[in-house]
Every structure is written in C-alpha cells, then in structure tokens.
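Notes for the structure review
What follows is each chain in one-letter form.
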Amino acid sequence: MGRLLLNRLGGLATTLLLSSVVIFGSLYLAPGSPEDVLFGSRAPSAAARASVAHQLHLDRPLPVRYWDWLTGVLHGDLGHSMVTGQAVSGRVGHGLGVTLMLVALTMGVVVVFGLGLGAAAALRRGPVDSAANALTSLSVTVPPFVTSALLISAFAVRLGWFPASGLGTGTGGEVRGLVLPAGALALTNCGFLARITRNALREQLAKEHVQTALVRGLPRWAVLRDHVFRNALPPIVTAVALLTSGTFAATLIVETAFAVPGMGQLTISSVAQKDFPVVQAVSLLLVAAFVICNALSDLVQALIDPRLRSTGRTT
C-alpha cells in the first residue's frame with residue numbers, strides 16, 4: 001500500500017509539473033500579448049509598451065518567467081489579475097468554493113440515483129431492467145446546456161421553486177441556487193453510472209462461485225453483499241472518479257447558463273478578457289482536480305482489493 005501511495009504521489013507531481021509547462025507556455029505563445037490587454041484599443045508608444053513589458057517581466061526569457069511563476073505558485077502566490085489588479089488567489093478562492101459545493105452536490109445525486117438505478121436494473125430483469133435502460137439511454141444523450149434550459153423553464157420560470165440564475169445569501173440560499181445546476185450536471189452522469197453499475201453487477205452475478213452459493217441455499221443478500229457488490233466496486237469506483245473529474249470541466253457550461261459565480265464562469269470571463277494569470281491558475285486547478293480524482297480512485301480500489309496492494313498498481 002505504501003509503494004502504491006508513493007507511485008501515485010510521484011505520478012501526480014509529474015503530471016502537474018508537465019501540465020504547468022504546457023499551460024504556461026501555450027498561453028504566452030498564443031497570438032497576442034498580455035500588454036495588449038492593458039492597452040486595449042489604444043496605440044501605445046514603443047517606450048510605453050517597453051515599460052509595461054518590463055513591469056510584467058515580459059522582457060525576460062520564457063523559461064525564466066516560467067520558473068518565477070512556478071516558484072510563486074508553490075509558495076501560494078498565483079500573481080495578480082491583469083484586468084482587476086486583484087490577487088488571483090482571492091478571485092479563484094471564492095469561485096473554487098462554489099464549484100466544489102456544486103460538484104459535491106452533483107456527485108451526491110449521481111451516486112445515490114446512479115447506483116440505485118443500476119442495481120435495480122441488474123437485479124430485476126424484465127420490465128424494471130427495460131425501463132432503466134430506456135431512462136439511461138435518454139439521459140446520456142441530453143447535453144448539459146439543453147438540460148439547463150429545460151430545468152430553468154420548468155422549475156424556475158413556471159413553478160418558481162428555484163432561482164433561474166445566481167445564488168442566494170447564506171448557506172441555504174447558495175444550496176438552493178445550486179439545485180438546478182446540480183440537476184443539469186447529474187442527469188447525464190446518473191445514466192452513465194447506472195449503466196456501469198448494471199454491467200458490473202451482471203458480470204459478477206454470472207460468476208460460477210456466485211451461482212454455486214445461491215444454489216446451495218445461502219441467503220441471497222449475504223451472497224450479494226460478500227461476493228457481488230464488493231467485487232463489482234472497482235469499475236464503479238473508477239467511473240465515479242472519472243465522472244467527478246469530468247464534472248469539474250462541465251461546470252464551464254452549466255455555471256455560465258445559471259450565472260453561478262464559480263470556477264466555470266470565472267474561466268469563461270477570464271478567457272474572454274485574456275486575463276492570463278487567472279486563466280493559468282484555473283487551468284492548473286482543473287488539471288489538479290482530474291489527477292487527484294484518479295489517484296484517489298486507485299487508492300480506494302487498493303483498499304477494496306488487497307491484491308492491488310501487493311503489486312503496487314491498479315488496473
């Protein structure tokens with residue numbers, strides 16, 4: 001287990017380092033320059049442009065600028081916004097809290113309904129399985145922006161149960177404002193997790209030792225608990241981790257549709273304004289969320305399956 005943990009931490013650090021190189025280099029090598037954002041439509045003199053480039057350290061070689069940025073990130077200094085002048089950590093901090101709450105609420109719904117629907121489809125053949133397959137087939141084909149529009153029309157405009165955009169005050173107001181965005185994100189994920197759960201449980205139910213245990217008259221729920229559900233967990237855990245990391249990326253669409261002040265909306269506005277430091281910080285956080293979710297998935301699988309601890313790797 002210790003070797004697996006070290007491998008995952010090493011892989012996480014390597015992935016983040018390589019991602020930071022790509023993120024930093026791609027933004028500064030893209031068409032346009034950061035000083036153009038500050039000057040806007042004005043035509044500065046050569047001296048003014050050189051002065052701004054010096055203040056932003058743009059006159060230094062790219063590797064030196066990357067090293068300065070990376071060491072600042074490691075010390076918690078993400079720089080300052082080129083548009084507002086605020087510290088990037090302050091702008092990102094509030095948006096990150098909102099997005100984490102949205103992702104947690106979404107995945108809570110996904111795990112409860114996705115696992116429940118998938119288990120029902122696997123254990124109840126016939127009409128229940130057919131109905132579950134129909135629901136999952138429908139849910140995985142509807143993109144989040146369409147779901148967002150439908151939920152706003154039904155539950156915000158017509159029924160008035162939830163706000164159509166923005167968040168309320170206090171924890172209760174924030175949670176109420178996140179219900180519809182979480183529903184829009186959860187719909188597709190529920191269908192995907194239900195299918196993975198159904199297939200994993202069906203595969204375990206078909207195993208010879210499970211059929212033998214049932215024929216011998218062992219209690220059905222004991223067999224399901226000890227031999228079916230436990231052995232079906234690894235692919236389900238992997239699916240939950242992938243869906244969680246994918247949900248962070250999907251917030252870009254849903255937060256914009258519901259005007260939720262999270263990381264997604266901050267990313268869209270920062271890209272439009274060419275606010276390079278904010279875009280770099282948000283991109284790095286999204287990559288970190290992805291690799292952390294995958295690393296946690298591997299560790300949870302190792303806890304479930306002791307064989308993975310001895311090999312020091314997961315499949």
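Residues numbered from 1 in each chain as written. Predicted model: local features only at pLDDT ≥ 70, side-chain atom pairs only at ≥ 80, totals over all residues. Heavy atoms only, no water.

**Details of the overall build of the protein**
Scanning the protein for helices and strands turns up 13 helices and 0 strands. Along its sequence from the N terminus, the protein presents helices and strands in the succession α-α-α-α-α-α-α-α-α-α-α-α-α. For the protein, the residues scored as buried account for 38% of the 315 residues in total. The contacts of the protein with a sequence gap of at least 6 include a subset with a gap of at least 24, amounting to 73%. Counting every atom, the protein has about 16500 Å² of accessible surface; 67% of that belongs to carbon and sulfur. (Helix = DSSP H or I, 4+ residues; strand = E, 2+ residues; numbered from the N terminus. Buried < 20%, exposed > 50% of the residue type's maximum accessible area, 1.4 Å probe, protein only. Contact = heavy atoms within 4.5 Å. Areas by Shrake-Rupley, 256 points an atom, 1.4 Å probe, with all protein chains shown as cover.)

**A word on a nonpolar patch on the surface**
On the surface, Phe145, Val146, Leu150 and Ile253 cluster together into a nonpolar patch covering about 370 Å² of accessible area. Note on placement: phenylalanine 145 falls in helix H7 (residues 144-158). We classify phenylalanine 145 as exposed; its relative accessible area is 53%. (Patch = residues over 30% accessible without salt bridge, like charges linked within 9 Å, V, L, I, M, F, W, Y side chains within 5 Å. Salt bridge = Lys/Arg side-chain N within 4 Å of Asp/Glu carboxyl O.)

**Points about empty space enclosed by the protein**
Counted according to the given criterion, the structure contains 1 cavity of 30 Å³ or more. If you add up the space inside the largest cavity, you get close to 30 Å³. Forming the boundary of the largest cavity are Leu117, Gly118, Ala121, Ala132, Asn133, Thr136, Ala194, Arg195 and Arg198. Within the residue set of the lining of the largest cavity, elements represented by two or more residues are helix H5 (88-123), helix H6 (127-139) and helix H8 (170-205). Residue composition of the lining of the largest cavity, by class: 4 nonpolar, 3 polar and 2 charged. (1 Å grid on protein atoms, 1.4 Å probe; cavity = no way out; pocket = protein on both sides within 12 Å on 5 of 7 lines; lining within 4 Å. Points joined across faces, edges and corners; volume = space filled by probe spheres on them. Nonpolar A, V, L, I, M, F, W, Y, C, P; charged D, E, K, R; others polar.)

**Observations concerning the environment of threonine 15**
Looking at where threonine 15 falls in the secondary structure, it is placed in helix H1 (residues 2-29). The partly exposed category is assigned to threonine 15, whose relative accessible area is 32%. Sequence separation of threonine 15 and alanine 288 is 273 residues, and the distance between their C-alpha atoms is 8.6 Å.

**Focus: the packing of aromatic side chains**
Counted by the stated rule, this structure contains 1 aromatic pair. Ring geometry for phenylalanine 155 against tryptophan 161: centres 5.8 Å apart, planes inclined by 45 degrees, an arrangement best described as tilted. Of the residues examined, phenylalanine 155 reaches a relative accessible area of 28% and is grouped as partly exposed. (Phe/Tyr/Trp six-rings, centres within 6.5 Å; stacked < 30°, edge-to-face > 60°.)

**Digging into the side chain of asparagine 189**
One can find asparagine 189 in helix H8. Once you skip the residues sitting within four places of it in the chain, asparagine 189 turns out to touch Thr106, Met107, Val110, Leu243 and Thr247.

**What to know about the packing of H5 against helix H12 (residues 276-304)**
The N-to-C vectors of H5 and H12 enclose an angle of 45 degrees; their axes lie 10 Å apart at closest approach. Between H5 and H12, the angle falls in the class oblique. The handedness of the crossing between H5 and H12 is right-handed. From H5, Val88, Arg91 and Val92 reach across to H12, where they touch Pro277, Val278, Ala281, Val282 and Leu285. (Axes fitted to C-alpha atoms, helices over the stretch in contact; angles between N-to-C directions. Parallel < 35°, antiparallel > 145°, perpendicular 65-115°, else oblique. Left-handed = near helix turned anticlockwise from the far one by under 90°.)

**Focus on the packing of helix H11 (residues 263-273) against H12**
Where H11 meets H12, the closest approach of the two axes is 9 Å, and the angle between their N-to-C directions is 140 degrees. Pair H11 / H12 crosses with left-handed handedness. Here Met263, Leu266, Thr267, Ser270 and Val271 of H11 lie close against H12, whose contacting residues are Val278, Val279, Val282 and Leu285. Residue composition of the contact of H11 with H12, by class: 7 nonpolar, 2 polar and no charged.

**A look at helix H10 (residues 220-258)**
Relative to the 57 Å expected for 39 residues at 1.5 Å per residue, H10 spans just 46 Å between its end C-alpha atoms, considerably shorter than the ideal helical length. For H10, the principal kink sits at alanine 250 and spans about 45 degrees. Downstream of H10 by one or two residues, alanine 259 has phi in the positive range, about 55 degrees. (Expected span 1.5 Å × (residues − 1). Bend = angle between axes of the 7 residues up to and from the residue.)

**Looking at the side chain of threonine 197**
Take threonine 197: it is sitting in helix H8. Excluding anything up to four places from it in sequence, threonine 197 contacts Gly114, Leu115, Gly118, Ala119 and Ile236.

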